[in-house]
Amino acid sequence: MTEVKKELTPEEEKLTIRDISIAAEAQTKQGDTFYLITQRWWQEWLEYVNQNQANTVNDGSASEHWTGGSSALNRPSSIDNSDLIYEATSGDSSAGIELLDTLVEGTDYILLPQEVWNQLYEWYRGGPILPRKVINSGLSQTELAVEVYPLRLQLHLMPKDERSTIRISKKETIRQLHKKACEIFSLSPELVCIWDYFSHQKHALMNDMDKTLDDANIQMDQDILVEVANGNSAGGVNSFHENGTADNGTVALVKPSQPNFSNAEGLSLSKGSTKNGTAELSQSQQLASSGTDKTYGSSGVSTRGSACGLTGLLNLGNTCFMNSAIQCLVHTPEFARYFREDYYQEINRQNPLGMVGELALAFGDLLRKLWAPGRTPVAPRPFKAKLARFAPQFSGYNQHDSQELLAFLLDGLHEDLNRVKHKPYIKSKDADGRPDEEVADEYWANHIARNDSIIVDVCQGQYKSTLVCPVCNKVSVTFDPFMYLSLPLQSATTRSMTVTIFTCDGSALPAACTVTVPKQGRCRDLIQALGNSCSLKHNEKLLLAEIRGHLIHRFLEDPLISLSSIKDDDHLAAYKIPKLTKNSKFLQLIHRREEREIGISQSNVGWKPYGTPLVSPICCDDVITRGDIQLIVHRMLSPMLRTENPGFNCVSRSKTAAAAAANASRLAASSEACIDSSLANDDPRQKDVPRSKLVNLEKLPLQLVDENNACIDLTVGEDKSVKLSSSSMSILVFADWSQKLLENYDTRYIENLPEVTKYGPATKKARTEPLSLYSCLEAFLREEPLVPEDMWYCPTCKERRQASKKLDLWRLPEVLVIHLKRFSYSRSMKHKLETFVNFPIHDFDLTKYVANKNNSRRQLYELYALTNHYGGMGSGHYTAHIKLLDENRWYNFDDSHISPINEEDVKSAAAYVLFYRRVKTDHHHSASNGTVSSAGQHSISSQK
């Protein structure tokens, strides 16, 4: 008789999957397999298994047993992942099942560990099955990530001119790619070499067989040339040279590379491909491959009332940062006009600082698509592939900084379109007392002699930089170009810093202290402010330390250390210690806590650092015993001792503190050096306490690290002397906090050390009195000392000096890009400032900020575009607000969604990068009807 398999209840299914998931994810490693499952089916399953919980909330009661019933949700049908893949329209299955290109995790699909998928598949069946591997990623290659989209590569076999599309992990080696290519085309491996065939040009011979495709900078949808050598050549792969020749002197057959602009797009032939391996070109691609530029020159011309310029960009997965920046550039009128005309003659393919014109071609092609009639969203995948090729930091599908991308695009487009083919070497002359106007014009002429492009014409300005040596008062003046202005949002000159104060004598509990110091101050300013706040005595001083990972990372002993080197999310401790005499060392008490690691056979106990280290001075003139260190640690911990400790073998807290203080006071550097030691010795509670023995004190589980890095148990042999290292000023002692010991001390005072600056919601004052964009600009132009890392070499002193620096605007561009510095970077994270900045939309008047007084015209600008950043780092989202100048109307560009907005809705606390256009005043009536290039040049010359 066949046993009938019992169907699990929804609750049992949920608990089973939960337990499997917890166990699987805790042991995830490189090479593991995860499976995609459609978010739609997963959500249906979650509702099914959580229905009892929902009924409990609604009815206030729950059934003890699963009984189904008419109101119960039906069990989901079989798993259906068909909405994640393209329909099979091709008989060529070499590329396997293809995922849709624009899937987003958490929206379209989720990833399940193999064990979870196997269990769900056993219950529900269905498919298609979509496995993906776990790989190492990140700069350090230590972060685990699931490779949802392996590389899709187009193999070109020469000289047969056959093609095939393959999928391969970017962590596979060139050897594995070579092997796969030989298998696909049935080739003998020793006669085959493969090339990086980027843009249908031989970029590099791929002969380092052990290098991964990721290390070789192979990107999605890239072309790979599979080249077969002459059959008579026995040289194999090594017989090929970088120029494509073989050792026998003949030239290996290579298909001629056509200078055809459709090649620059790097077409992906796997989507919509036909049986013969070719692909049907879209209408725009057919235009591009027609060989005539006239189709581009006349297409997409904007007329009033047309739908041009309202085309969105599909989000390819965390690409909103790219979409928002592109839309602002695309809707810059000068760029829109330039890239829809014949700009190809200005492409600089020889510039070693450029990208062989590929970035400009990809951007121009994308711009034309966005300005073409119609509103069908465009997938910027070819542009993103080019971007990742030349800027690997933007590869993958992680969120990035929109302003960083914008800076790269402006610089990259400039180098690709630089009209200067051979840059002359020009040595800048010192001002030597010459008029600023003469020096500024000379610097600008030198700059234009090496940098001349549409980007310079439109976006580049010039500022005056003045450095003054603090020693000899030498003044250095330079005039430097800028592409954008990065303005600080904190106009204040002071900074609040929080530091936790610790005592070494057990006289007080640790206490956090917040003080206000000069923003550009030094450590001595912070120490002085802390000393005043904590009532530091004349015979005491503060030892400042940075705590990282529950250890002392560094002591900030140099009073001249700049406070700017201390980040907002750092953790600082200040130890109140006596002013020491000679021959003293610091005892560092490192706290460790018991952590259990569950192994295969047993539970292992490990000790890991936690809390904040404590510091106490030790005079090395006398012999130090193990018992002495026990007494010092007791003294340091005594403020945290709980008053009621049943079963703890010690006297009351006051007697413990007194005993510890009395026995430890002799270890101080001098009678005056120990904090309040005279008071401790006069304390009547100490009358009956022996001075050299551990009386009435529980021995603490302490271990001392000796000069050989060996740990010495301090719970035994209290009279044994301790040999201290002569080379180190620190004595490391570990305190191992067992659960029993934690019950006797209130250790919360050494836990959760606060950050230097804790960010919180904006105050009411900040909301009612918004920061002005003019205030941000004034803070940017304000004179201030250089940070220590950027010290200036004074030609008079012949030394590096921390000079004061003053910036002034000198020459303003036609389009002024302003970056609001909302993100502050630190070692571990970014902070975002949610400050609302009141920026003008019309009549942004910069006249008084321009130092060049010979320029008499008003410097008026109006806003036409901006990017916004909503939310926090990592989980945030970018959009763009753009004004269509022909319509005089504002629109919100949110990836593929575009909607009109009112002008009053343009301002918000999310504003990140602002784009301003110069307003044509009466003094400027130059070339509004002329070409972009001439207008830009007129603008430059008229400012001289």
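A quick note: this is a predicted structure, and the numbers were derived from the prediction, not measured. (Residues numbered from 1 in each chain as written. Predicted model: local features only at pLDDT ≥ 70, side-chain atom pairs only at ≥ 80, totals over all residues. Heavy atoms only, no water.)

## Description of the pairing of strand β8 (residues 162-168)
Stage number 1. Among the seven residues of β8, five are classified as buried, and the element is accordingly described as predominantly covered.
Stage number 2. With seven bridges connecting them, strand β7 (residues 151-158) and β8 associate as antiparallel partners. When the sheet's bridge partners are listed, Q154 is paired in β8 with T165.
Stage number 3. Following β7, the chain reverses through three residues before pairing antiparallel with β8; D161 in that reversal takes a positive phi of roughly 60 degrees. (Buried < 20%, exposed > 50% of the residue type's maximum accessible area, 1.4 Å probe, protein only. Helix = DSSP H or I, 4+ residues; strand = E, 2+ residues; numbered from the N terminus. Pairing = 2+ DSSP bridges.)

## A look at the nonpolar core
Stage number 1. Grouped together as the largest cluster of nonpolar side chains are 60 residues, with contacts concentrated most on I326, F335, F339, F383, L409 and F915.
Stage number 2. With nine residues, helix α10 (residues 358-371) is the single largest residue contributor to this core.
Stage number 3. Apart from residues no more than four positions distant in its own chain, F383 is found in contact with M322, I326, L359, A362, F363, L366 and L409.
Stage number 4. Y610, V633, M640 and Y745 belong to the second largest nonpolar core, which has 38 residues in total. (Core = buried A, V, L, I, M, F, W, Y, C linked by side-chain atoms within 4.5 Å. Contact = heavy atoms within 4.5 Å.)

## What to know about the packing of helix α11 (residues 381-390) against helix α12 (residues 402-416)
Stage number 1. As a packed pair, α11 and α12 sit with axes 12 Å apart at the nearest point and diverge in direction by 85 degrees. Relative to α12, the element α11 lies roughly perpendicular. The segment α11 lies against α12, with F383, L387 and F390 engaging L405, F408 and L409.
Stage number 2. Taken together, the residues of the contact of α11 with α12 break down into six nonpolar, no polar and no charged. (Axes fitted to C-alpha atoms, helices over the stretch in contact; angles between N-to-C directions. Parallel < 35°, antiparallel > 145°, perpendicular 65-115°, else oblique. Nonpolar A, V, L, I, M, F, W, Y, C, P; charged D, E, K, R; others polar.)

## Focus: the side chain of N323
Stage number 1. Within the element layout of this structure, N323 appears in helix α8 (residues 320-330).
Stage number 2. On the accessibility criterion, N323 (2% relative accessible area) is buried.
Stage number 3. The contacts of N323, once residues within four sequence positions are left out, are L313, L314, N315, P380 and D895.

## Considering the sheet that holds strand β13 (residues 475-482)
Stage number 1. Read across the sheet, four strands follow the order β13-β12-β30-β27 without closing on themselves; strand pairing throughout is antiparallel. Only two strands of the sheet have a single partner each, and these edge strands are β13 and β27 (784-785).
Stage number 2. Note: strand β12 (residues 461-468) against β13, eight bridges, orientation antiparallel. Looking across to β13, one finds that S465 is bridged to T478.
Stage number 3. Along the sheet, helix α13 (residues 436-450) contacts β12, β13 and β30 (804-811); its crossing angle with β13, the most-contacted strand, is approximately 40 degrees.

## Some points on the confidence of the model for the chain
Stage number 1. Per-residue confidence for the chain gives a mean pLDDT of 75, with 75% of residues at or over 70.
Stage number 2. Model confidence for the chain, summarised as mean pLDDT per element, is weakest for helix α7 (residues 294-298) at 28 and strongest for strand β40 (residues 911-918) at 96.
Stage number 3. Every residue in residues 89-95 scores below 50 in pLDDT, and together they form five contacts with partners more than four places removed in sequence or on other chains.
Stage number 4. This stretch, residues 923-944, has a pLDDT under 50; its non-local contacts, to residues over four places away or in other chains, come to 32 contacts. (pLDDT = per-residue confidence, 0-100.)

## Section: the packing of aromatic side chains
Any two aromatic rings considered together are summarised by their centre-to-centre distance and by the angle between their planes.
Stage number 1. The final tally for this structure, using the stated rule, is 24 aromatic pairs.
Stage number 2. Here Y338 and Y343 contribute two aromatic rings whose centre-to-centre distance is 6.0 Å and whose plane-to-plane angle is 35 degrees, an arrangement assigned as tilted. This pair shows no difference in class: Y338 is buried, exactly as Y343 is.
Stage number 3. Taken together, the ring pairs in this structure connect Y338, F339, Y343, Y344, F363 and F383 into an aromatic cluster.
Stage number 4. A cation over a ring is seen here: R340 above W371, with NZ or CZ 4.7 Å from the ring centre. (Phe/Tyr/Trp six-rings, centres within 6.5 Å; stacked < 30°, edge-to-face > 60°. Lys NZ or Arg CZ within 6 Å of the ring centre and 35° of its normal.)

## Quick notes on the pattern of salt bridges
Stage number 1. This structure, assessed with the given rule, holds 31 salt bridges.
Stage number 2. Note that D845 is salt-bridged to R858, the shortest N-O span being 3.0 Å. Of this pair, D845 sits in strand β35 (residues 844-845) while R858 sits in the loop between β35 and β36 (860-870); the two residues are 13 residues apart in sequence, bridging distant segments of the chain.
Stage number 3. We classify D845 as partly exposed; its relative accessible area is 23%. (Salt bridge = Lys/Arg side-chain N within 4 Å of Asp/Glu carboxyl O.)

## Points about α8
Stage number 1. Most of α8 sits out of view: 11 of its 11 residues are buried.
Stage number 2. For α8, every residue scored as buried is listed here: C320, F321, M322, N323, S324, A325, I326, Q327, C328, L329 and V330.

## Let's talk about the pairing of strand β31 (residues 815-821)
Stage number 1. In terms of burial, β31 is a largely internal element, six of the seven residues being buried.
Stage number 2. In this sheet, β31 lies alongside strand β14 (residues 485-488) in parallel orientation, the contact comprising four bridges. Paired with P488 across the bridge in β31 is K821.
Stage number 3. One ladder, built from five bridges, connects β31 with β40; its direction is antiparallel. Residue pairing in the sheet places V817 in a bridge with F915 of β40.

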